Amino acid sequence: MGHDATVVINMDAVDQIRKDPEFGNKVYDACCKVGRNKPVSISSGAYNSAAVAVDCHHADWHQVMIIGGVVQLSVMLVQTGNKMKQMMMFSLEL
């Protein structure tokens, strides 16, 4: 049980991420702050959006995400679980 988080990593930034000793703490902070329809950018090196914490949800929920975009991250999220069904879409300028 517990909770799961979805984090999207910008592959152009992986070299900066590898060299960033604080990146783990930044991911932790972003996962604690992420909310529905409110993703949180994670910086590393010269990248303001080296990664994006997209969602945090209970592990009992099932969800499908379609993620794409270069300048704008578009996310389609479908969740089901315990009498709950919802679908949402949102975008984040990178």
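Nothing here was measured: the structure is a model prediction, and the numbers come from that model.

(A) Summary view of the sheet that holds strand β2 (residues 40-44). Reading across the sheet, the 3 strands line up as β1-β3-β2 and stay open at both edges, with antiparallel pairing between neighbours. Edge strands, defined here as strands with exactly one partner in the open sheet, are β1 (3-9) and β2. Mean inter-strand twist for the sheet, computed between neighbouring axes without regard to direction, equals 30°. Strand direction decides the pairing type here: β1 and strand β3 (residues 47-58), joined by 7 bridges, are antiparallel. In the strand pairing of β3, Ile9 is matched with Ala51.

(B) Spatial organisation of the pattern of salt bridges. Summed over the entire model, instances satisfying the criterion amount to 3 salt bridges. In this structure, the salt-bridge partner of Asp15 is Lys19, at a minimum N-O distance of 3.1 Å. Of this pair, Asp15 and Lys19 both sit in helix α1 (residues 14-19), 4 residues apart, which is roughly one turn of that helix. Given the relative accessible area of 35%, Asp15 is considered partly exposed. When the shortest N-O distance is used, the salt bridge between Lys26 and Asp20 registers 2.9 Å. The structure contains a network of salt bridges with shared partners spanning Asp15, Arg18 and Lys19.

(C) A look at the side chain of Ser49. On the secondary structure map, Ser49 appears in strand β3. In this structure the side chain of Ser49 is engaged in a polar contact, spanning 3.1 Å, whose partner is the side chain of Ser41.

Conventions used here
Residues numbered from 1 in each chain as written. Predicted model: local features only at pLDDT ≥ 70, side-chain atom pairs only at ≥ 80, totals over all residues. Heavy atoms only, no water. Pairing = 2+ DSSP bridges. Helix = DSSP H or I, 4+ residues; strand = E, 2+ residues; numbered from the N terminus. Axes fitted to C-alpha atoms, helices over the stretch in contact; angles between N-to-C directions. Salt bridge = Lys/Arg side-chain N within 4 Å of Asp/Glu carboxyl O. Buried < 20%, exposed > 50% of the residue type's maximum accessible area, 1.4 Å probe, protein only. Polar contact = N/O pair within 3.5 Å; in protein donor to acceptor, adjacent residues only side chain to side chain.

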